[in-house]
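This is what each chain is made of:
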Amino acid sequence: MTPTLLLAPMEGLLDATLRDVLTRTGGVDRCVSEFIRVTDTLLPERAFVRVVPELLNGGRTAAGVPVRPQLLGSDPVCLAENAARLAALSPFGVDLNFGCPAKTVNRSRGGAVLLDEPELIGRIVSAVRRAVPAHLPVSAKMRLGYGDDRVAEDCALAIAGAGADELVIHARTKAHGYRPPAYWERIAEVRTVLPANLPVIANGEIWTVAEAQRCREVTGCDRLMIGRGMVTDPGLALAIRGQGGVPWSQILPLLSVFWSQVCGRVERRHRAGRLKQWLNYLRKRYPEGQRAFDELRESNDPAHVEAWLQAQTLPQEPMPVPAAEIPVAC
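In this numbering scheme, every chain counts its residues from 1 along its sequence in written order. Totals for whole chains, interfaces and linings use all residues, but because this is a predicted model, local features are given only for residues with pLDDT of at least 70 and pairs of side-chain atoms are given and counted only at 80 or more. In computing side-chain values, all of the structure's heavy atoms are included and hydrogens and water are not.

### Remarks on the sheet that holds strand 4 (residues 94–98)
Item 1. Any two strands between which DSSP finds at least two bridges are classified as paired. Segments assigned H or I by DSSP are reported as helices when at least four residues long, segments assigned E as strands when at least two residues long, and all are numbered from the N terminus. With respect to topology, eight strands assemble into a closed barrel ordered 1-2-3-4-5-6-7-8, the strand pairing being parallel. Pairwise comparison of adjacent strand axes, ignoring direction, gives a mean angle of 25 degrees for this sheet.
Item 2. Pairing of strand 1 (residues 4–7) with strand 2 (residues 30–37), which is carried by two bridges, proceeds in the parallel orientation. In the sheet register, Leu6 faces strand 2, and the bridge partner there is Arg30. Fitted lines through C-alpha atoms give the axes, limited to the stretch in contact for helices. The angle between two N-to-C directions lies from 0 to 180 degrees.

### Considerations on unusual backbone geometry
Negative phi characterises most residues that are not glycine, and trans characterises most peptide bonds.
Item 1. Of note, the bond from Pro180 into Pro181 is cis; its omega dihedral lies within 30 degrees of zero at 5 degrees.
Item 2. With respect to the helices and strands, Pro181 occurs in the loop between strand 6 (166–170) and helix 7 (184–191).
Item 3. One non-glycine residue with positive phi stands out, namely Arg109, at about 60 degrees.
Item 4. By the element assignment, Arg109 lies in the loop between helix 4 (103–107) and helix 5 (118–131).

### Quick look at the confidence of the model for the protein chain
Item 1. pLDDT is a per-residue confidence score from the predictor, ranging from 0 to 100. Here the protein chain averages 93 in pLDDT, and 95% of its residues register 70 or above.
Item 2. Whether two residues are in contact is decided by their heavy atoms: any pair within 4.5 Å suffices. Low pLDDT, under 50, characterises residues 316–330; the predicted model gives this stretch two contacts beyond four residues in sequence or across chains.

### Regarding the pairing of strand 5 (residues 138–143)
Item 1. Per-residue accessibility, obtained with a 1.4 Å probe over protein chains only, is compared with the maximum for each type, and a residue is labelled buried under 20%, exposed over 50%, and partly exposed between these values. With six of its six residues buried, strand 5 lies for the most part within the structure.
Item 2. Side chains of strand 5 alternate between two faces, with Val138, Ala140 and Met142 and Ser139, Lys141 and Arg143 buried alike.
Item 3. As paired strands, strand 4 and strand 5 are joined by five bridges and run parallel to one another. If you follow Val94 over to strand 5, its bridge partner there is Val138.
Item 4. Judged from the five bridges that link them, strand 5 and strand 6 form a sheet pairing that is parallel.

### Some words on the layout of surface pockets
Item 1. The volume enclosed by the largest pocket comes to roughly 490 Å³.
Item 2. Lining the largest pocket are 30 residues; nearest its centre among them are Pro9, Met10, Lys141, His170 and Tyr178.
Item 3. Secondary structure elements with two or more residues in the lining of the largest pocket: strand 2, strand 4, strand 5, strand 8 (223–226), helix 9 (228–232) and helix 12 (268–282).
Item 4. Residue classes in the lining of the largest pocket are distributed as 14 nonpolar, nine polar and seven charged.
Item 5. For each structure, a 1 Å grid was placed over the protein atoms alone; sets of points admitting a 1.4 Å probe that cannot get out are labelled cavities, open sets with protein on both sides within 12 Å along at least five of seven lines are labelled pockets, and lining residues have an atom within 4 Å of a point. Grid points are joined across faces, edges and corners, and a volume is the space filled by probe spheres set on the points. Taken as a whole, the second largest pocket spans an internal volume of roughly 170 Å³.
Item 6. Lining the second largest pocket are Glu11, Asp15, Glu34, Phe35, Ile36, Arg37, Leu43, Ala47, Arg50 and Val51.
Item 7. Broken down by secondary-structure element, the contributors of at least two residues to the lining of the second largest pocket are strand 2 and helix 2 (45–51).
Item 8. Counting residues per element, the lining of the second largest pocket draws most heavily on strand 2, at four residues.
Item 9. By residue class, the composition of the lining of the second largest pocket is five nonpolar, no polar and five charged. Throughout, the ten residues Ala, Val, Leu, Ile, Met, Phe, Trp, Tyr, Cys and Pro are labelled nonpolar, Asp, Glu, Lys and Arg are labelled charged, and all others, Gly among them, are labelled polar.

### Digging into helix 11 (residues 248–265)
Item 1. For helix 11, which comprises 18 residues, the first-to-last C-alpha distance of 25 Å matches the rise-based estimate of 26 Å (1.5 Å per residue) to within 8%.
Item 2. For helix 11, every residue scored as buried is listed here: Trp248, Ile251, Leu252, Leu254, Leu255, Phe258, Trp259, Gln261 and Val262.
Item 3. Each element contacted by the buried residues of helix 11 is listed here: helix 1 (16–23), helix 12, helix 13 (287–296) and helix 14 (302–313). The length a helix should cover is 1.5 Å for every residue beyond the first.

### Here's the deal with the pattern of salt bridges
A side chain of one charge can pair with a side chain of the opposite charge if their charged atoms are brought near each other.
Item 1. Here, a salt bridge means any Lys or Arg side-chain nitrogen found within 4 Å of an Asp or Glu carboxyl oxygen. Within this structure, the stated rule accounts for 23 salt bridges.
Item 2. Across the pair Arg216 and Asp222 runs a salt bridge, and its minimum N-O distance is 2.8 Å.
Item 3. Look at the salt bridges and you will find they share partners, linking Arg30, Arg68, Glu166 and Arg223 into a network.

Next comes the structure, spelled out in structure tokens:
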């Protein structure tokens, strides 16, 4: 069976700009946005559009890939009200974040810290499910737990019982952070207590085609969510589908598209840093990415980056051959 492949949210990295670029390579079925923080206010529409500008494009990236906005918070009523406002913008569903491990987020009672309160998680999902139209999917992303994974099944059951249409499980706890390995076998165990008709998506440590296949075998999931693996190898989704990868010659134009969008959205002093951030991942997959990173490592001047990109993409003129070296036909 051909897997369903989702592009993961990654706060501070995999935003609308990188979503646009990565979905241009093909192979991705759907994206989930980085989280929109909900506290105690009803957000204006512009707050949703700022994080998910695809809402102004029918909810899709420029390549036509659907994007599902993600909400983060701990107040069921406030989350429900904001989900209803978001629903009016015609998104491809509403996702709920129960997995962010960031300390600042957890201190504000958001993300993975809620995994110690399965009952509250259930109330949040239930409130959001009631607040949005029935045709609009409500999904959730969770980790295996906060400090440990003892209540992973309880959290998953709370999400399923509250009416979620889909569940993503990142196969680590908050305490694990992003350190390998990912505990895919725990996803398989959690699945045994869930309704058979609830789609479960496996997430964590999928960097290669072989790891994608192994994750499917261990978890029993035909739906995978990939984050850092796609940032490192933009052709990974295609490769998983057996359609080959993406050579560096196709990455270079993507770097130019990325840079163009960064220049339109990011303050000048931070622009070079954003490109180097992506190159830092690309160099793990492409030797050319390592050379690019080395050449730009010390520069924070956007003009230098611009000149470097132009030099990479412009066709090089052949060097003239000195007259004395021109071979003469016999």
